[in-house]
Amino acid sequence: MGRALIIGCGGVAGVVIHKCCQNSDVFEEIMIASRTKSKCDAIKEKLDGTTATKIRTAKVDADNVDELCALIDEYKPDIVMNIALPYQDLTIMDACLKCGVNYMDTANYEPEDTDDPEWRAIYEKRCKDEGFTAYFDYSWQWAYKKKFEDAGLTALLGSGFDPGVTQAYCAYAQKHLFDEIDTIDILDCNGGDHGYPFATNFNPEINLREVSAPGSYWENGHWVEIPAMSIKREYDFDQVGHKDMYLLHHEEIESLAKNIPGVQRIRFFMTFGQSYLTHMNCLENVGMLSTTPIEFEGHQIVPIQFLKALLPDPATLGPRTKGKTNIGCIFTGKKDGKEKTAYIYNVCDHEECYREVGSQAISYTTGVPAMIGAAMLLTGKWNKPGVYTVEEFDPDPYMEALNKWGLPWQINDKPVLVD
Ligand code: NDP
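Note that this is a predicted model, so its numbers are computed, not measured.

What counts, and where the lines are drawn
All residue numbers here refer to positions counted from 1 along the written sequence of the relevant chain. pLDDT decides what is reported in this predicted model: residues at 70 or higher carry local features, side-chain atom pairs at 80 or more are listed and counted, and totals for whole chains, interfaces and linings draw on all residues regardless. Based on all heavy atoms of the structure, the side-chain values leave hydrogens and waters out of the count. Being paired, for any two strands, means DSSP has found at least two bridges between them. Every helix listed is a DSSP run of H or I at least four residues long, and every strand listed is a run of E at least two residues long, numbered separately from the N terminus. To obtain each axis, a line is fitted to C-alpha atoms, and for helices this fit is confined to the stretch in contact; angles are then taken between N-to-C directions over 0 to 180 degrees. Whether two residues touch is decided by their heavy atoms; if any such pair falls within 4.5 Å, the residues are in contact. Exposed residues in this analysis have more than 50% of their type's maximum accessible area, buried residues have under 20%, and partly exposed residues fall in between, with area computed by a 1.4 Å probe over protein chains only. Patch building starts from residues that exceed 30% relative accessible area and form no salt bridge, then joins like charges within 9 Å and nonpolar side chains (Val, Leu, Ile, Met, Phe, Trp, Tyr) within 5 Å. Methods summary: accessible areas were calculated by the Shrake-Rupley approach with a probe of 1.4 Å, and residue burial reflects only the protein chains presented. We count a salt bridge whenever a side-chain nitrogen from Lys or Arg sits within 4 Å of a carboxyl oxygen from Asp or Glu. Note on charges: Lys and Arg go in the positive column, Asp and Glu in the negative column, and His and the chain ends are not counted at all. Note that the charge is assigned to NZ on lysines, CZ on arginines, CG on aspartates and CD on glutamates. UniProt positions are given in the numbering used here, feature names are shortened, and annotations may be inferred rather than shown by experiment. Aromatic pairs are defined between Phe, Tyr and Trp rings, using the six-membered ring for Trp, whenever the two ring centres lie within 6.5 Å; interplanar angles under 30 degrees are classed as stacked, those over 60 as edge-to-face, and all others as tilted. Put simply, a charge is over a ring when the Lys NZ or the Arg CZ is close to the ring centre, within 6 Å, and near the line of the ring normal, within 35 degrees. Whether a crossover is right-handed depends on one test, that the path from the first strand over the helix to the second runs clockwise when the strands point away from the viewer. If even one non-hydrogen atom of a residue comes within 4 Å of a molecule or strand, that residue is called near it. Identification of polar contacts relies on pairs of N or O atoms within 3.5 Å, with a donor-acceptor requirement for protein atoms, meaning one able to donate a hydrogen and the other able to accept it, and with residues adjacent in sequence counted only if both atoms are side-chain atoms. Between 65 and 115 degrees an angle is taken as roughly perpendicular, under 35 as roughly parallel, over 145 as roughly antiparallel, and anywhere else as oblique. Handedness of a crossing follows from how the near helix is turned relative to the far one, being left-handed for an anticlockwise turn of less than a right angle and right-handed for a clockwise one. When residues are grouped by polarity, Ala, Val, Leu, Ile, Met, Phe, Trp, Tyr, Cys and Pro land in nonpolar, Asp, Glu, Lys and Arg in charged, and all others, Gly among them, in polar. Multiplying 1.5 Å by the helix residue count minus one yields the expected span of that helix. Read the arc as the range of directions from the helix axis to the C-beta atoms.

Novice: Where do I start with the sheet that holds strand 1 (residues 2–7) in this structure?
Specialist: Across the sheet, which stays open at both edges, the seven strands sit in the order 3-2-1-4-5-6-17 with parallel pairing between neighbours. Every interior strand has two partners, whereas the edge strands, strand 3 (54–59) and strand 17 (386–389), have only one. Neighbour-to-neighbour, the strand axes of this sheet turn through a mean angle of 20°, independent of strand direction. With six bridges connecting them, strand 1 and strand 2 (residues 27–34) associate as parallel partners. The partner of leucine 5 across the bridge, within strand 2, is methionine 31. Helix 2 (residues 37–47) rests against strand 2 and strand 3 of the sheet, and its axis sits at about 170° to strand 3.

Novice: What is the right way to look at the environment of glycine 2 in this model?
Specialist: Here glycine 2 shows up in strand 1. Residue glycine 2 is classed as buried on the basis of its relative accessible area, which comes to 4%. Along the sequence, glycine 2 and tryptophan 119 sit 117 residues apart, while their C-alpha atoms lie 37 Å from each other.

Novice: Explain a positive patch on the surface here, please?
Specialist: A cluster of basic side chains, namely Arg35, Lys39, Lys59 and Lys308, defines a positive patch on the protein surface. Topologically, lysine 308 is positioned in helix 12 (residues 303–310).

Novice: How should the UniProt feature "domain: Saccharopine dehydrogenase NADP binding" (unreviewed entry) in the protein chain be read in this particular structure?
Specialist: In the numbering adopted here, UniProt assigns the feature "domain: Saccharopine dehydrogenase NADP binding" (unreviewed entry) to residues 5–156. Taken end to end, residues 5–156 has its terminal C-alpha atoms 15 Å apart, with 46% of it in helix and 18% in strand.

Novice: What is the right way to read the packing of aromatic side chains from this model?
Specialist: According to the stated counting rule, one finds 19 aromatic pairs in the structure shown. In this structure, arginine 3 is placed above the aromatic ring of tyrosine 75, and the distance from its NZ or CZ to the ring centre is 4.9 Å. Note that lysine 340 overlies the ring of phenylalanine 178, its terminal NZ or CZ placed 5.7 Å from the centroid.

Novice: Could you clarify how one ought to interpret the pairing of strand 4 (residues 79–82) in this entry?
Specialist: Side-chain positions along a regular strand alternate between the two faces of the sheet. The two faces of strand 4 match: Ile79 and Met81 on one face and Val80 and Asn82 on the other face are all buried. When strand 1 meets strand 4, the two strands line up parallel, connected through four bridges. Paired with isoleucine 6 across the strands is methionine 81, a residue of strand 4. The pairing of strand 4 with strand 5 (residues 102–105) spans four bridges and is parallel. Note on strand 5: the bridge partner recorded for asparagine 82 is aspartate 105. Between strand 4 and its parallel partner strand 5, the chain crosses via helix 4 (residues 89–99), and the hand of that crossover is right-handed.

Novice: I tried to follow a negative patch on the surface on my own but got confused; where do I start?
Specialist: On the surface, Asp61, Asp63, Asp66, Glu67, Glu112, Asp113 and Asp115 cluster together into a patch of negative charge. Looking at the element boundaries, aspartate 113 is found in the loop between strand 5 and helix 5 (117–130). Judged by its relative accessible area of 39%, aspartate 113 falls in the partly exposed class.

Novice: So what exactly am I meant to see when it comes to the site of the ligand here?
Specialist: Around the ligand there are 28 residues in total, and Arg35, Thr36, Lys39, Ala62 and Asn203 lie nearest to it. A distance of 3.4 Å is found between an oxygen atom of the ligand and a side-chain nitrogen or oxygen belonging to serine 34. Separating a nitrogen atom of the ligand from a side-chain N or O atom of aspartate 61 is a distance of 3.2 Å. Compared with its free state, where it exposes 930 Å², the ligand has 93% of that area covered by protein.

Novice: Looking at this structure, how should I read the pattern of salt bridges?
Specialist: Pairing between side chains becomes possible if they bear opposite charge and their charged atoms approach one another. The tally for this structure, following the rule as stated, stands at 19 salt bridges. We note a salt bridge from aspartate 396 to lysine 175, for which the minimum N-O separation is 2.7 Å. Of this pair, aspartate 396 sits in helix 15 (residues 395–404) while lysine 175 sits in helix 8 (residues 165–177); the two residues are 221 residues apart in sequence, bridging distant segments of the chain. Given a relative accessible area of 24%, aspartate 396 falls into the partly exposed group. In this structure, the salt-bridge partner of aspartate 244 is lysine 232, at a minimum N-O distance of 3.6 Å. Here the residue aspartate 244 occupies a position in strand 11 (residues 241–247), and lysine 232 occupies one in strand 10 (residues 232–237), the gap between them amounting to 12 residues. Among the residues examined, aspartate 244 registers a relative accessible area of 27% and is labelled partly exposed.

Novice: Explain the packing of helix 8 against helix 15 here, please?
Specialist: Packed helices, taken two at a time, are described by the angle their axes make and the gap between the axes. Across the interface, helix 8 lies against helix 15 with an axial gap of 9 Å and an inter-helix angle of 125°. When the axes of helix 8 and helix 15 are compared, the pair comes out oblique. Of the two possible hands of crossing, helix 8 and helix 15 adopt the one that is left-handed. Along its contact with helix 8, which presents Val165, Ala168, Tyr169, Ala171, Tyr172, Lys175 and His176, the element helix 15 presents Pro395, Asp396, Tyr398, Met399 and Leu402. A breakdown of the residues in the contact of helix 8 with helix 15 according to their chemical character gives nine nonpolar, one polar and two charged.

Novice: How should I be thinking about helix 11 (residues 274–285) in this particular structure?
Specialist: Because an α-helix completes one turn every 3.6 residues, residues spaced three or four positions apart along the sequence face the same direction. Between the first and last C-alpha of helix 11 there are 16 Å, a value that for 12 residues agrees with the 16 Å anticipated at 1.5 Å per step. For helix 11, every residue scored as buried is listed here: Tyr276, Leu277, Met280 and Leu283. Within helix 11, the buried residues cover an arc of 135° as seen down the axis, which keeps them to one side. Turned more than 90 degrees from where helix 11 packs its buried face, Gln274 and Asn285 sit exposed. In this fold, the buried residues of helix 11 make contact with helix 9 (204–212), strand 11 and helix 12. Two residues or fewer after helix 11 comes glycine 287, characterised by a positive phi angle close to 90°.

Below is the structure:
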């Protein structure tokens, strides 16, 4: 049916590639293109002969629009799947517009260099206007809406688990379960243990930037920002048990606040163990999470990039990780004039993911929805020109595909609420 260009070949892309190859009717051909071509070749070698999907590989610098365009013009994909880093979102979107091809990704734009004065001026204005200070936000990609509309192309933003599946849960709740949604709590629990004192489950630089930022939530039409990790709750997660979780800023809150009419409050909580928090605080206190280059023995180094080089590669955590994830959304609202609650969630087992695709569950829960999002566009189930997040499309085919492709969901209509 279609041909996809997959950019990036890290932890999440490994799952995306396996899943596209399981779904050969839709992904007849894929090209894996990344900065380090040997990683693309290694995965092609592993999968060739096990799948009907035809695989090619290439080297590309996704920061370079001309290089991207040369590759797209040569391969002529029906979709470009950005599974590299948020830093590349805008260059890949530019290349898609130039070459006339649909786009998707799993995380919204943030700049690699947060000291760039041009970016910083816009960022500081946004902090003031909007009321949250995270480095990542949707404004940069929403600014492409008209260009994609005029070109008759679709850009699907944030089709991972969170963002991604969590928004499909919201759209499903809105379509089938509620007349009005009052509150949404997104709970992201990782009960997995990889045995290291400290490691991140996806790209360390992106992960540590996200979790060390001030927390924020949406309430009564505006953002409320709080110091990082200053709101803590304990929750008893199905199949995982009791975990401490902390309120974070998270990108889907921004789009859900616009797209779920009348919602009064949206919060996002993620579980962290004490060891993770102690390490993170210590690293932050000594300046290792800084994105500002420093001079070291005649070289410019960025502390967080140096730290990334020291930490375990998340793509190697698969064989060591045991336990389960439980990610979902708790809704309160009204149906037929009565108060109602619902909790839609998925439980995913790290070891089962490893057996199936050789990855831990964080990469798996991101990679499966990325494949599904691309399949929605390739099969024409989701196609309207413009730039959209997951909750702006019909959730039904996506929710059905989650059950089919390894992320089955369930609904508890009497969940314990988070205070
Ligand atoms: P990794 O660091 O493991 O992989 C990133 C890949 O992108 C690497 O292969 C890297 O190449 C490649 N890359 C980086 N820069 C460039 C460039 N300029 N040109 C070409 N390729 C490049 O990250 P993850 O797989 O952990 O994460 C991938 C994405 O998924 C991130 O955007 C992350 O934020 C997102 N994510 C989303 C989640 C969700 O639920 N929505 C959850 C988890 C992650 P090289 O191999 O040479 O380093």
